[in-house]
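Geometric and topological summary
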Number of protein chains: 2
Amino acid sequence: MARIAIDAMGGDYAPRAIVEGSIWAAQEYGVGLELVGREDEIKAVLEKVRKRGFILSDCGTKGHKRKIKIDLDKIDYTITHASEVIGMGEAVGQSIRKKKDSSIVASVRAVAEGRCEAVVSAGSTGAAMAASLFGLGRIHGVTRPAIAVTIPTMKDPVVLIDGGANSDCTAEMLTQFAEMGVAYSKHIVGIENPKVGILSIGEEEGKGNALVKETYPLLKEMHEQGRITFVGNIEGKELFVNKCDVVVCDGFAGNVALKVTEGTASMLLKMISSEFKSDIVGCIIGLMAKPFLRRILKKINWEVFGGMLLLGVKGISVIAHGRSSTYAMKNAVRAAVRVLNKDINSKIAENINR
Amino acid sequence: MARIAIDAMGGDYAPRAIVEGSIWAAQEYGVGLELVGREDEIKAVLEKVRKRGFILSDCGTKGHKRKIKIDLDKIDYTITHASEVIGMGEAVGQSIRKKKDSSIVASVRAVAEGRCEAVVSAGSTGAAMAASLFGLGRIHGVTRPAIAVTIPTMKDPVVLIDGGANSDCTAEMLTQFAEMGVAYSKHIVGIENPKVGILSIGEEEGKGNALVKETYPLLKEMHEQGRITFVGNIEGKELFVNKCDVVVCDGFAGNVALKVTEGTASMLLKMISSEFKSDIVGCIIGLMAKPFLRRILKKINWEVFGGMLLLGVKGISVIAHGRSSTYAMKNAVRAAVRVLNKDINSKIAENINR
């Protein structure tokens, strides 16, 4: 049975949502867990679950919560005590080196030492990244690991890379993101011949910032060599129309794009709900329309995707949203489970080093 | 009567939508027009309007078109012949210098020579910018002009600057964008004491790319000197929640953010419409919900905002969307009209040079 290391102390709702979400995932996907963090706090959450026999979750609908039965005795979990926690505001490099007994460093260690196949953390993205990088090491040939994010569209999901690991990038890094993204799209998303685009402003070659202009000819060359299928510049508004399967960008632009998507969707849904409340007829129609809107919410809710994969490290590291709920954490573990046995890292190594 | 110069040949639906939209605006807002472009083509559009006595527009609803009565004899317009057109793909600097008789260069000239108070173009953004910069000159002290975009939110509109004029920026440029954005927010949007934020990834100081990290302390210093009210980093998801009134960013990140907003909204509305079509009950509820959704569409539709203002040049230059419809063009002219008599440029000069 595969085993996943969980940073039980990372995230705004840790340890409750993290522990609950992980055991829910363990039960649902048949994996074992190594829960890493303050033993007494983890045990307290588990004790409550054992007593009640269920956990509560809205399952991503933002609506009423339902009970999910949990039989703790059937779940294969261990607890590894780690006394320290790295907070959201802490300087990353320093805290990783100093806090050797922090939950994130210790849970990465569980993978490095071979006890677990993957690690999931909803703590500080920077800390999770740095801990994974130092704890697991880079895949041979990879300059910098990057975050791959799966974006929902009307058709196949699109992979955006880098979602925020590297705020400043070189053209060479972006070409590697393309190679890693293609491996991910092919072997995890299931696209046979993924098309690669570069996030830019304006469609034509020559449009964009200095980084895009420098990267474009390199990607074009890789296309001519048959290494990737490059389709050119992708504008922000084209992210969701399946013009390509992999979008490469620096982590700053990528993270801005992801967060703007989140913000726009959230504002729009709020606007719709307030528009329906404008009069009594609207209220009635709004009530009838609710189940339809809820289904949309479920389709676009980041909680359904749960986690982003850090590509380029020797191991599987899933970075979950800092605001992860029980449901989001369950899905973050699922994101890790999906990658198990897919041997994505040797595919990345092949792509990078050929 | 104020007079607006119109680049009649710029935009995907030029000259028809451009000419129709401008005369509609002239009638509605009581301004005169100088229509610049190929005389025969402009006259052909005007002749059709004169014959019919109306124009057709869906008024931003994406629904059925309605007739807008136009009395051409009551509109004060002139036509200035310009034989050349600058296409979307052309190299900007070169074409501006070579095509002195292009519609965009000639319409900027109408402002430079004092015949018009403002210029509106839906042609290539780069060409419109360059023509405005070379034709009108920079406001004393301004390093680089930038595009100010008004973003709809649940409360007051937020000004994002730069929306795409400068793909690569320095920290000094961003501090000037802040000064220009504050002048715009105060004197055009009507916010008494505008709060300034910088677009970044992560909320805490120290998060972001190299440019943000370099700009942050400069904005902080301006805050301490009482020149602006700086509230720190703004994440992409916070653009619409009125955490600040002015968001500064480089033109690459800004344009990505704007286009992603457009793409997300469009995908979401498509998803909603297809979800309602999933069964017969849905179709009926969808039909009833349609007027409500249409009102939302109108609130967030870029066509309603029409144009973005190029700040930092000595004159008023409005850059309209390349896909501008008749309705969008009418509103782009309105965007210019709103700025007339507000003396925004002397306010910018004051802010920059104090």
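Preceding this paragraph is the structure being described.
What counts as what
- Residues numbered from 1 in each chain as written.
- Chains lettered and ligands numbered in written order.
- Predicted model: local features only at pLDDT ≥ 70, side-chain atom pairs only at ≥ 80, totals over all residues.
- Heavy atoms only, no water.
- Helix = DSSP H or I, 4+ residues; strand = E, 2+ residues; numbered from the N terminus.
- Rg over C-alpha atoms; globule rule 2.2 N^0.38 Å.
- Buried < 20%, exposed > 50% of the residue type's maximum accessible area, 1.4 Å probe, protein only.
- Contact = heavy atoms within 4.5 Å.
- Areas by Shrake-Rupley, 256 points an atom, 1.4 Å probe, with all protein chains shown as cover.
- Lys, Arg positive; Asp, Glu negative; His and termini not counted.
- Charge placed at Lys NZ, Arg CZ, Asp CG, Glu CD.
- Least-squares fit on C-alpha atoms with pLDDT ≥ 70 in both.
- Core = buried A, V, L, I, M, F, W, Y, C linked by side-chain atoms within 4.5 Å.
- Pairing = 2+ DSSP bridges.
- Axes fitted to C-alpha atoms, helices over the stretch in contact; angles between N-to-C directions.
- Expected span 1.5 Å × (residues − 1).
- Phe/Tyr/Trp six-rings, centres within 6.5 Å; stacked < 30°, edge-to-face > 60°.
- Lys NZ or Arg CZ within 6 Å of the ring centre and 35° of its normal.
- Buried area = accessible area lost by both parts, 1.4 Å probe.
- Salt bridge = Lys/Arg side-chain N within 4 Å of Asp/Glu carboxyl O.
- Polar contact = N/O pair within 3.5 Å; in protein donor to acceptor, adjacent residues only side chain to side chain.
- Parallel < 35°, antiparallel > 145°, perpendicular 65-115°, else oblique.
- Left-handed = near helix turned anticlockwise from the far one by under 90°.
- Nonpolar A, V, L, I, M, F, W, Y, C, P; charged D, E, K, R; others polar.

A count of helical and extended segments in chain A gives 12 helices and 13 strands. Relative to the globule expectation of 20 Å for 354 residues, the C-alpha radius of gyration of chain A, 21 Å, shows essentially globular dimensions. Considered along the principal axes of its C-alpha atoms, chain A spans approximately 60 × 60 × 35 Å. Evaluated residue by residue, chain A yields a buried proportion of 60% over its 354 residues. Considering only residue pairs separated by 6 or more positions, chain A has 71% of its internal contacts joining residues 24 or more positions apart. Of the roughly 14,100 Å² of accessible surface on chain A, 52% is carried by carbon and sulfur atoms. Computed over 47 positive and 40 negative side-chain charges, the inter-centroid distance for chain A is 5 Å.

Our next topic: the relation of the copies chain A and chain B. Put simply, the two copies of the chain differ by a rotation about an axis and a shift along that axis. In the superposition of chain A on chain B (RMSD 0.0 Å, axial shift 0.0 Å), the rotation amounts to 180°. Considering both components of the superposition, the chain copies are consistent with a two-fold axis. An overlap of 100% is found between the interface residues of chain A and their copies at the interface of chain B, pointing to a shared contact surface.

With that settled, the discussion passes to the nonpolar core. Counting 244 residues, the largest nonpolar core has A:I4 and B:I4 as its most contacted members. Other than its neighbours up to four places away in sequence, A:I4 contacts A:V31, A:G32, A:L33, A:E34, A:C116, A:A118, A:V120, A:V333, A:A336, A:V337 and A:L340.

Residues and elements named next belong to chain B. Taking strand neighbours across the sheet as the criterion, the 11 strands line up as 5-2-1-6-13-12-7-8-11-9-10 in an open arrangement whose pairing is mixed. Strands at the two margins of the open sheet, each flanked by one partner only, are strand 5 (77-81) and strand 10 (229-234). Adjacent strand axes in the sheet meet at a mean angle of 25° when their direction is disregarded. Relative to the sheet, helix 1 (residues 16-29) contacts strand 1 (3-7) and strand 2 (32-37), its axis offset from that of strand 2 by approximately 170°.

Okay, helix 6 (residues 171-189) of chain B next. Between its first and last C-alpha atoms helix 6 of chain B spans 25 Å; for 19 residues at 1.5 Å apiece the expected length is 27 Å, and the two agree. Among the 19 residues in helix 6 of chain B, 15 count as buried, and that is most of the element.

Residue and element names in this part refer to chain A. Pairing is mixed in the open sheet, where 11 strands are placed in the order 5-2-1-6-13-12-7-8-11-9-10. The two strands at the open ends of the sheet, each matched to only one other strand, are strand 5 (77-81) and strand 10 (229-234). Averaged over all adjacent pairs, the angle separating strand axes in this sheet is 25°, with direction ignored. Sheet topology note: the strand 7 (residues 146-151)/strand 8 (residues 158-161) ladder contains 4 bridges and is antiparallel. Bridge pairing in strand 8 links V149 to L160.

As a further point, take the packing of aromatic side chains. Throughout the structure, instances matching the rule amount to 4 aromatic pairs over all chains. Relative to A:Y327, the ring of A:W24 has its centre 6.0 Å away and its plane inclined at 50°; by these criteria the two rings are tilted. Taken together, the positions of A:W24 in helix 1 (residues 16-29) and A:Y327 in helix 11 (residues 326-339) put the pair 303 residues apart, joining distant regions of the chain. Of the two residues examined, A:W24 and A:Y327, each falls in the buried class. A centroid spacing of 5.1 Å and a plane angle of 75° characterise the contact between B:Y216 and B:F230, whose relative ring orientation is edge-to-face. Taken together, the residues span a long stretch of sequence, with B:Y216 in helix 7 (residues 210-224) and B:F230 in strand 10 at a distance of 14 residues. Each member of the pair B:Y216 and B:F230 is classed as buried. In this structure, A:R52 packs its charged tip against the face of A:F54, placed 5.2 Å from the ring centre.

One widely used convention gives an interface's size as the accessible area the parts lose upon coming together. Each partner contributes residues to the interface: chain A has 56 residues there, and chain B has 56 residues. Carbon and sulfur atoms supply 76% of the area buried between chain A and chain B, which totals about 5,100 Å² over both sides. A per-residue breakdown of the area chain A buries against chain B is headed by A:F252, A:E275 and A:F292, which together make up 14% of the total. Where chain A packs against chain B, one counts 2 salt bridges. For B:E235, the salt bridge identified is with A:K259, shortest N-O distance 2.5 Å. Listed by contribution, the elements that provide at least two residues to the side of chain A that touches chain B are helix 7 (210-224), helix 8 (251-276) and helix 9 (280-300) of chain A. Sorting elements by how many residues they give to the side of chain A that touches chain B places helix 8 of chain A first, with 22 residues.

What follows is about the side chain of B:S167. Of note, B:S167 is situated in the loop between strand 8 (158-161) and helix 6. In this structure the side chain of B:S167 is engaged in a polar contact, spanning 3.4 Å, whose partner is the backbone oxygen of A:G208. If sequence neighbours within four positions are ignored, B:S167 has contacts with A:I201, A:G208, A:N209, B:D250 and B:F252.

Next up on the list: the pattern of salt bridges. Residue and element names in this part refer to chain A. Counted by the stated rule, this structure contains 38 salt bridges over all chains. The residue R50 makes a salt bridge to D73 at a minimum N-O spacing of 2.8 Å. Highlighted residues: R50 in helix 2 (residues 39-52) and D73 in the loop between strand 4 (66-69) and strand 5, separated in sequence by 23 residues. R50 sits in the partly exposed class, given a relative accessible area of 36%. A relative accessible area of 64% means that D73 is categorised as exposed. Residues joined in a network through salt bridges with shared partners are R16, E20 and R52.

All names here are of chain A. Interhelical geometry of helix 8 versus helix 9 gives an angle of 165° and a closest axis separation of 9 Å. Here helix 9 runs roughly antiparallel to helix 8, going by the angle between their axes. Handedness of the helix 8/helix 9 crossing: left-handed. Two secondary-structure elements touch here, helix 8 through A265, L269, I272 and F276 and helix 9 through G282, C283, I285, G286, A289, L293, L297 and I300. Here the contact of helix 8 with helix 9 is built from residues that sort into 10 nonpolar, 2 polar and no charged.

Keep in mind that these numbers describe shape and distance, not what the molecule does.
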